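Given next are the chains, with one letter for each unit.
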Amino acid sequence: MGAVMNNHPADGLLRLHQRQLGAITLVHLMSGIDDDALADGTHRCGSSTTLCGYTEWVSAEEPGLTLGWDWQLETHSPAPRVVRLGMPRTNVLVLRGELDPLPWEQSLEVMASLIDAFDWNTPAFEAVCGRYAS
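These figures come from a predicted structure and were not determined experimentally. (Residues numbered from 1 in each chain as written. Predicted model: local features only at pLDDT ≥ 70, side-chain atom pairs only at ≥ 80, totals over all residues. Heavy atoms only, no water.)

Novice: Can you help me understand the sheet that holds strand β7 (residues 100–101) in this one?
Specialist: Whether parallel or antiparallel, the strands of a sheet pair through hydrogen bonds between backbone atoms. Across the sheet, which stays open at both edges, the three strands sit in the order β1-β6-β7 with mixed pairing between neighbours. Unpaired on one side and paired on the other, β1 (14–17) and β7 mark the two borders of the sheet. The pairing of strand β6 (residues 92–96) with β7 spans two bridges and is antiparallel. In the sheet register, leucine 95 faces β7, and the bridge partner there is proline 101. (Pairing = 2+ DSSP bridges. Helix = DSSP H or I, 4+ residues; strand = E, 2+ residues; numbered from the N terminus.)

Novice: Whenever I open this one, helix α3 (residues 104–116) confuses me. Can you help?
Specialist: Because the α-helix completes a turn every 3.6 residues, residues three or four places apart line up on one side. In a regular helix each residue adds 1.5 Å, so 13 residues correspond to 18 Å; α3 covers 18 Å between its end C-alpha atoms and thus fits that length. Residues Ser107, Leu108, Val110, Met111, Ala112, Leu114 and Ile115 constitute the buried set of α3. Buried residues in α3 make contact with α1 (18–21), β2 (26–33), β4 (66–74), β5 (81–90) and β6. (Expected span 1.5 Å × (residues − 1). Buried < 20%, exposed > 50% of the residue type's maximum accessible area, 1.4 Å probe, protein only. Contact = heavy atoms within 4.5 Å.)

Novice: Looking at this model, I keep getting lost on the pattern of salt bridges. Mind explaining?
Specialist: Should the charged atoms of two oppositely charged side chains come close, the side chains can pair. For the structure shown, the criterion picks out six salt bridges. A salt bridge links aspartate 70 to arginine 89; the nearest nitrogen and oxygen atoms lie 3.4 Å apart. Here the residue aspartate 70 occupies a position in strand β4, and arginine 89 occupies one in strand β5, the gap between them amounting to 19 residues. For arginine 89, a relative accessible area of 38% puts it in the partly exposed group. Among the salt bridges present, the one from arginine 81 reaches glutamate 74, with a minimum N-O distance of 3.0 Å. Judged by relative accessible area, glutamate 74 falls into the partly exposed class, the value being 27%. Taken together, the salt bridges that share partners define one network made up of Glu56, Asp70 and Arg89. (Salt bridge = Lys/Arg side-chain N within 4 Å of Asp/Glu carboxyl O.)

Novice: Looking at this structure, how should I read the pairing of β6?
Specialist: For β6, the tally of buried residues reaches four of five residues, placing the bulk of the element in the interior. Of the strand pairs in this sheet, β1 and β6 are connected by four bridges, and their pairing is parallel. Among the inter-strand pairings, histidine 17 is bridged to a residue of β6, identified as leucine 95. Connecting β6 to the antiparallel partner β7 that follows it, the hairpin turn spans three residues, and glycine 97 within it adopts a positive phi of roughly 70°.

Novice: Please clarify how the packing of aromatic side chains should be interpreted in this entry.
Specialist: Each aromatic ring pair is specified by the distance between its two centres and by the angle formed by the two planes. Per the stated rule, a full pass over the model turns up four aromatic pairs. Both rings, one in tryptophan 57 and one in phenylalanine 118, keep their centres 5.3 Å apart while their planes meet at 80°; by these two values the pair is edge-to-face. Placement of the pair is tryptophan 57 in strand β3 (residues 52–59) and phenylalanine 118 in the loop between α3 and α4 (121–132), with a sequence separation of 61 residues. In this structure phenylalanine 118 comes out as partly exposed when scored by relative accessible area, which is 25%. Geometrically, the ring pair formed by tryptophan 69 and tryptophan 120 is edge-to-face, given 5.3 Å between the ring centres and 85° between the ring planes. (Phe/Tyr/Trp six-rings, centres within 6.5 Å; stacked < 30°, edge-to-face > 60°.)

Quick look at the structure:
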């Protein structure tokens, strides 16, 4: 299923149909903890800590899709896990119809639904644990 896109768009965005997004395999590129969370020494003893970071993913094949978002460690669940915060950052503009793009915010909502539909939490959390273990 080929992508409907302009090979040299002036804005640099890929234009893809929602059905095409489901066929794209996303590969974990990197994840980390926000630097300001590491540098902030204002926590009081006994207070809860908020751990936040980022994760970046790319498509395994063409077109060259990039997708990144922020996460937060959720400690109130039975096992610690990371959850998406806010809207993603991406180079994709989702199309409705043949060439009609969704408004940017709606396009981001589609991308957020894509993120929430696959297990990104495990590889992102494992990458962060491995990166900061030493």
